[in-house]
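Chain by chain, the residues run as shown.
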Amino acid sequence: MRFGVLGPLTVWTDAGEVVSIPGLKVRALLADLLAHDGRVVSTDRLVDDLWGDDAPANPAAALQVRVSQLRKALEDAEPGGKNLIVSRAPGYQLQVAPDAVDALRFARLAGEGLLAEALELWRGSPYADFSDMEFTRAPITKLEEQRLAALEELAEVRLAAGEPVDVAELVAEHPLRERLRAVHMTALYRAGRQSDALATYGELRERLADELGLDPSPELADLQARILRQDPGLSGQDRRPVTNLPATVDDLIGRDRAVAEVRELLGTSRLVTLTGSGGVGKTRLSIATAAQLTGAYPDGAWLVELAAYDRDTASLADAVLAALDIRDSAGPGDALDRLADTLRARRMLLVLDNCEHVVDQAAKLAESLLRAAPGLRILATSREPLSVAGETLWSVPPLGLPEEEGLDAVAASDAVRLFMARATASARGFVLDASTAAAVAQLCRRLDGLPLALELAATRVRSLGIHELVSRLDDRFRVLSGWQRGVSDRQQTLMGMIDWSWTLLTDDERVVLRRLAVHADGCTLEAAEVLCGDGGLDVMELLARLVDRSLVTVVEGPSGVRYRLLESVAAYCRRRLDDAGETDRVRRAYVAYYTSFAERAEGHLRGAEQVRWMRDLDAESANLRSALDSAPASEALRLVNALSWHWYLRGRLHEALRSLDLALSGPDLPDGVEVKKARAWRAGFALLLGESVDWEAALEIADPAARARAELFVQYGVTDMPTATAVVDRALATCRELGDRWGVAVALSRQSRDAFTLRELDKLDRVGHESRRLFTELGDRWGVLQANEWLGGLEEIRGDYDAAVRIFTEDAAVAEELGLWPDKVRRLSWLGWIAAYRRDYDRGIETCLEALRLADGQGYKEGTIFARMGLCIAARHSGRLELAEEHIAVLLRGVPRGPDVDPQLFVPTVLNELGHVRRMQGREPEARELFRESLVASRKIGDPRTIAGTMEALATVAEPEEAARLLGTAAASRVAHSTPASPDEIDDIARATERAKAALGEAAFATAYTSAP
């Protein structure tokens, strides 16, 4: 399927047929997703873009309807089309190949120099039917600018080829564009219209002065001067581009967008420096960019390779003279003066490659030449900036890595494309398939997407095979050596590449760099200063210099700036740390720092700074795991106790259990409170994961405050309600006595849940609001979500679905913002249930499926149960019995059942749904048995709402008189407990009532109905 925005919004099938997208809002939704070029667009952003100030009462639900309609339209047109619209936090994403969108295809073709082909894609004004909407303004401006730049460049190419060019209309439309005016002036001059060429320059000069108070650029003034003196170079008689750029022997993979961006920068900046770590592909990118621009410069594009020049004796002006084949003359001044004089009138592109080891001399050269030659552009490559006035930096990133697993996702990444191209060139039988995709993806990730490292690795596939190669990456410096002839020594091996950078560092820079290598996945400035900063080192300044030298990368994340080393650089620096004899000392300091950090963070996870510290802990998760792996027993116990609440909040139950087992497995555990706290945490996580464990023994903690907190955690996994209630009541009493307001709020939120289950609505109202008040006063947003969940459930019981949806929708957004995925799962499941109750079964299924996918991804067992229950209800009511039965089977698999079993809370509802499925399949005896089993289970639990619903379900298959009595009893119970039936339950009640009345008659039915106890 293809999408067009270069004109009115249009969608085509692969066969070229136009796809109808019905509804203005649905088309606007598609336009909005397309305008974001494949990025995720948040729900809030989409709602604001589509409705603005006129948002509907339930905007998230309204948006979901439009998403469903768009998916249906795409699916109707092309099987699988609905899968192009992906639900992805915090909103939705249009997931298509870049070439499937004409705007992105245009950018790629233009970047590759295929300008005529790119411009043929335009059908009119971009987003023509949505040009008045706010969300299209920026994309329209960007696309119009790209189109105009392509038209200018195409005109320049045709001029250089000696073709006639007429841009008069474009000049009239865009009178202040100097690049376009230069084309016009040159074309007029070549057509023998020198006076017209000068006149159009004069017109521009007047417009600039009147409208902007500016003069024409030096380049345009130089062109006017050349026209005045009738420069032979403007005649076009010798239009062959001059260059010494090497011809490419293989494709430049994964850099199309990079080339386009660097070309764009060179259009506005006279000095562009490509920075980046060794092996990232700066030279290849610069040459590819220059090759595409050769025809745009009358005096060509030239490469000056500086790697061979010594920093102390280098004469870089001589290097440029030699590259340009300019003969030395006996004129006055040094080589730089003579070079500047020679280039003064030339319009050319100069590529200065590998400036890092002669950076001072390169900076002087660039500054001098740019001042002397207004028609000169310089594209430099260096591991650090030249720091010259007017310099524009462009950091060359590693190639894109696979973002997801699966063959298609792996094959689409740029790093994999490069690796496979090089690997298959030497190992002809090697293919990317289901058996190799995971290994190839792992290799590309571990090599950080560095082109040089990938190409070195590709040469080893023939001799080692991909799996053996990946297994040997821990010894990467030996494995990735001996590449190919014809390249410099430092490019022959991965070690040689990094050695080159190491030799350029000062001693202090080397100290900081090697100590940084102890970190896993980067660190903060504070951590760097603590672990690298002895001996009076100014770590902040040294870090800045290492960033400039492209050995340390800076990443701006939710928790602030982090400093990272590429994995290969880190491996190299760990060797240097060993050589310096510092490994053990730095590692001990590392463990001590992150243990202290975790304990500091833990103290802030239950209050107003909760969000900040959760994000800080998320950012340090790799360092915390690494610290735990090598921590002695006492620090390991402190670490896991400090991290356990964060693991719970994030839903990382398996990680918590593994980490606690590791900390508790030490041979010499200290006997004290830390061990007992860790055992209590472990018991709680084990219960949550469905393990059988002696949790009561794990609560034998002498300190009453610590014991109460442990009880409050363990109760989350206790499935027997009376037992859990007793634990909570005991903890609540202790917390009230000790003044632990947070503990009180947690205990009350659990009491709210139990009151919801037992339909004790007055109690639920009272304790739920007290819990929410306490959490709000403490600033604990997680806690507010816990209290709100059961207050939202209260609104659902009372039948105020609008209020319930509002609470759950708002809380789902909060849970997503905080990264509390278990809470997001539950809110989505609630919303799915309510949609099903309201007979909106498609939305119910879609929402519960989204919750199920999220719960499965998080390993959240309770969440999968809740989501599947909603799926069963929505699927059964909509007649999709196979889907309902599929999820019912999963829910009941391995669950103990029978008259002597204490049932789990979800069992009665699931048995009811299975009974309804059997009834709808015509298997009424089986349905009756299931409903009776459910009635016994729900009575054991004591949930009056489920009891009433089960009676009504049983009435649909019971004998008529029994059915009437069941319906009467259920109705009386609903009134007594203020639990009205939902719309979908009303359907079942009506069905049972009609059936019984038809058999008994109105009078007999009424007698039996009212005789119910």
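Since the model is a prediction, treat every value here as computed from it, not as a measurement.

Turning our eyes to something else, we now look at the overall build of the protein chain. Helix and strand counts for the protein chain come out as 50 helices and 12 strands. Across its three principal directions, the C-alpha atoms of the protein chain cover 120 × 70 × 60 Å. Distance between charge centroids for the protein chain: 2 Å, based on 123 positive and 157 negative side chains.

Moving on, we get to the confidence of the model for the protein chain. Scored by pLDDT, the protein chain comes out at a mean of 87, with 96% of its residues at no less than 70. By mean pLDDT, the top-scoring element of the protein chain is helix H28 (residues 583-602) (95), and the lowest-scoring one is helix H22 (residues 476-479) (70). A low-confidence stretch, residues 483-487 stays under pLDDT 50, and its non-local contacts, those more than four residues away or across chains, total 9 contacts.

Across 5 bridges, strand E11 (residues 553-557) lies against strand E12 (residues 560-564) in antiparallel orientation. The partner of Glu 556 across the bridge, within E12, is Val 561.

What follows deals with the packing of aromatic side chains. For the structure shown, the criterion picks out 27 aromatic pairs. Look at Trp 681 and Phe 685: their rings are 6.3 Å apart centre to centre, the planes differ by 25°, and that puts the pair in the stacked class. In this pair, Trp 681 and Phe 685 both sit in helix H33 (residues 673-688), 4 residues apart, roughly one turn of the helix. In this pair, the class of Trp 681 matches that of Phe 685, namely buried. A connected cluster of aromatic rings, assembled from ring pairs, spans Trp 645, Tyr 648, Trp 681, Phe 685, Phe 713, Tyr 716, Trp 742, Phe 775 and Trp 782. When the ring centre of Trp 122 is taken as reference, the NZ or CZ atom of Arg 147 above it lies at 5.4 Å. The side chain of Arg 759 reaches across the aromatic face of Phe 756, ending 4.6 Å from its centre.

A cluster of nonpolar side chains, namely Leu 176, Leu 212 and Leu 214, defines an oily patch on the protein surface of about 250 Å² accessible area. Note that Leu 176 resides in the loop between helix H7 (168-173) and helix H8 (178-190).

The sheet built from 3 strands is open, its strands ordered E3-E5-E4 with antiparallel pairing. Two strands close off the open sheet at either side, each with one partner strand: strand E3 (41-42) and strand E4 (85-88). Sheet analysis places E3 next to strand E5 (residues 91-94), joined by 2 bridges and oriented antiparallel. If you follow Val 41 over to E5, its bridge partner there is Tyr 92.

The parallel open sheet is built from 5 strands, whose spatial order is E7-E8-E9-E6-E10. Looking at strand neighbours, the two that pair on one side only are strand E7 (301-305) and strand E10 (391-395), the edges of this open sheet. Going from strand to strand, the sheet's axes swing by 20° on average, the running direction of each strand aside. With 5 bridges joining them, strand E6 (residues 271-275) and E10 adopt parallel strand pairing. Among the inter-strand pairings, Leu 274 is bridged to a residue of E10, identified as Trp 394. Relative to E7, helix H13 (residues 316-323) is tilted by about 135°, and along the sheet it contacts E7 and strand E8 (348-353).

Below, the discussion takes up a negative patch on the surface. A contiguous patch of negative charge, built from Glu 529, Asp 538, Glu 541 and Asp 548, is present on the exposed surface. When you line up the elements, Asp 538 lands in the loop between helix H25 (525-532) and helix H26 (539-548).

Once that is clear, we can look at unusual backbone geometry. Generally, phi is negative for residues other than glycine and the peptide bonds are trans, each holding for most cases. The residue Tyr 127 is not glycine, and still its phi comes out positive at about 50°. With respect to the helices and strands, Tyr 127 occurs in the loop between helix H5 (115-119) and helix H6 (134-160). Given a relative accessible area of 3%, Tyr 127 falls into the buried group. With a phi angle near 60°, Arg 759 is a residue other than glycine that sits in the positive phi range. Along the chain, the position of Arg 759 falls in the loop between helix H37 (741-757) and helix H38 (761-778).

Before going further, it helps to spend a moment on the pairing of E6. Burial runs high along E6: 5 of the 5 residues are buried. Here E6 shows a buried face lined by Leu 271, Thr 273 and Thr 275 and a second buried face lined by Val 272 and Leu 274. Both E6 and strand E9 (residues 376-381) contribute to a ladder of 4 bridges, which runs parallel. Within E9, the position partnered with Leu 271 by the bridge is Ile 378.

A few words now on helix H29 (residues 610-619). Residues spaced three or four apart along an α-helix face the same direction, because each turn holds 3.6 residues. For H29, a buried count of 7 out of 10 residues is recorded, marking the element as mostly surrounded by other parts of the structure. If you check which residues of H29 are buried, you get Gln 610, Val 611, Trp 613, Met 614, Asp 616, Leu 617 and Ala 619. On the buried face of H29, the contacting elements are E12, H28, helix H30 (621-630), helix H31 (633-650), helix H39 (781-797) and helix H40 (801-818).

Inspection of the entire model under this criterion finds 82 salt bridges. A salt bridge links Glu 926 to Arg 923, with the nearest nitrogen and oxygen atoms 3.0 Å apart. Accessibility expressed as a relative area gives 32% for Arg 923, which makes it partly exposed. As a salt-bridge pair, Arg 974 and Glu 985 come within 3.6 Å of each other at their nearest N and O atoms. One end of the pair, Arg 974, is in helix H48 (residues 960-977); the other, Glu 985, is in helix H49 (residues 983-1000), and 11 residues separate them in sequence. Judged by relative accessible area, which is 7%, Arg 974 ranks as buried. One connected set of salt bridges, linked through shared partners, spans Glu 145, Glu 152, Glu 156, Arg 177 and Arg 179.

Residue Arg 759 is classed as buried on the basis of its relative accessible area of 9%. A polar contact is formed between the side chain of Arg 759 and the side chain of Asp 943, at a distance of 3.0 Å. What Arg 759 contacts, discounting residues up to four positions off in sequence, is Ile 797, Asp 943, Pro 944, Arg 945, Thr 946, His 977 and Thr 979.

A few words now on the state of the cysteines. Evaluated as defined, the whole model comprises 0 disulfides. Not part of a disulfide, Cys 872 finds its nearest cysteine sulfur in Cys 848, a span of 9.2 Å. According to the relative accessible area criterion, Cys 872 is buried, its value standing at 1%.

Its place among the elements puts Gln 786 in helix H39. Residues contacting Gln 786, with those up to four places away along its chain left out, are Ser 749, Asp 823, Arg 826 and Arg 827.

What follows is about the nonpolar core. Core analysis: the biggest nonpolar cluster contains 145 residues, and Phe 419, Leu 443, Tyr 594, Phe 685 and Trp 782 have the highest contact counts within it. Looking at this core, the element that brings in the most residues is H31, giving 10 residues. Excluding anything up to four places from it in sequence, Phe 685 contacts Ser 644, Trp 647, Tyr 648, Leu 653, Ala 656, Leu 657, Leu 660 and Phe 713. Core analysis: the next-biggest nonpolar cluster, separate from the first, contains 60 residues, Val 5, Leu 34, Trp 122 and Leu 159 among them.

Within the secondary structure layout, Thr 342 lies in helix H14 (residues 335-343). Judged by its relative accessible area of 29%, Thr 342 is partly exposed. Separated by 130 residues in sequence, Thr 342 and Leu 212 have C-alpha atoms that sit 34 Å apart. Among the polar contacts listed, one links the side chain of Thr 342 to the backbone oxygen of Arg 338, at a separation of 2.8 Å.

Further remarks concern the environment of Ala 698. Among the secondary structure elements, Ala 698 is positioned in helix H34 (residues 695-698). In this structure the C-alpha to C-alpha distance between Ala 698 and Val 714, which are 16 residues apart in sequence, comes to 9.4 Å. Here Ala 698 is in contact with Lys 676, Arg 679, Ala 680 and Ala 683, once residues within four sequence places are set aside.

Packing of H48 against helix H50 (residues 1002-1010) brings their axes to within 7 Å, and their N-to-C directions diverge by 50°. Looking at the two axes, H48 sits oblique to H50. For H48 against H50, the interelement crossing comes out right-handed. Contacts from Glu 961, Ala 964, Arg 965, Leu 967, Gly 968 and Ala 971 of H48 reach H50 at Phe 1005, Ala 1008 and Tyr 1009.

Calculation criteria
Residues numbered from 1 in each chain as written. Predicted model: local features only at pLDDT ≥ 70, side-chain atom pairs only at ≥ 80, totals over all residues. Heavy atoms only, no water. Helix = DSSP H or I, 4+ residues; strand = E, 2+ residues; numbered from the N terminus. Lys, Arg positive; Asp, Glu negative; His and termini not counted. Charge placed at Lys NZ, Arg CZ, Asp CG, Glu CD. pLDDT = per-residue confidence, 0-100. Contact = heavy atoms within 4.5 Å. Pairing = 2+ DSSP bridges. Phe/Tyr/Trp six-rings, centres within 6.5 Å; stacked < 30°, edge-to-face > 60°. Buried < 20%, exposed > 50% of the residue type's maximum accessible area, 1.4 Å probe, protein only. Lys NZ or Arg CZ within 6 Å of the ring centre and 35° of its normal. Patch = residues over 30% accessible without salt bridge, like charges linked within 9 Å, V, L, I, M, F, W, Y side chains within 5 Å. Areas by Shrake-Rupley, 256 points an atom, 1.4 Å probe, with all protein chains shown as cover. Salt bridge = Lys/Arg side-chain N within 4 Å of Asp/Glu carboxyl O. Axes fitted to C-alpha atoms, helices over the stretch in contact; angles between N-to-C directions. Polar contact = N/O pair within 3.5 Å; in protein donor to acceptor, adjacent residues only side chain to side chain. Disulfide = S-S within 2.5 Å. Core = buried A, V, L, I, M, F, W, Y, C linked by side-chain atoms within 4.5 Å. Parallel < 35°, antiparallel > 145°, perpendicular 65-115°, else oblique. Left-handed = near helix turned anticlockwise from the far one by under 90°.

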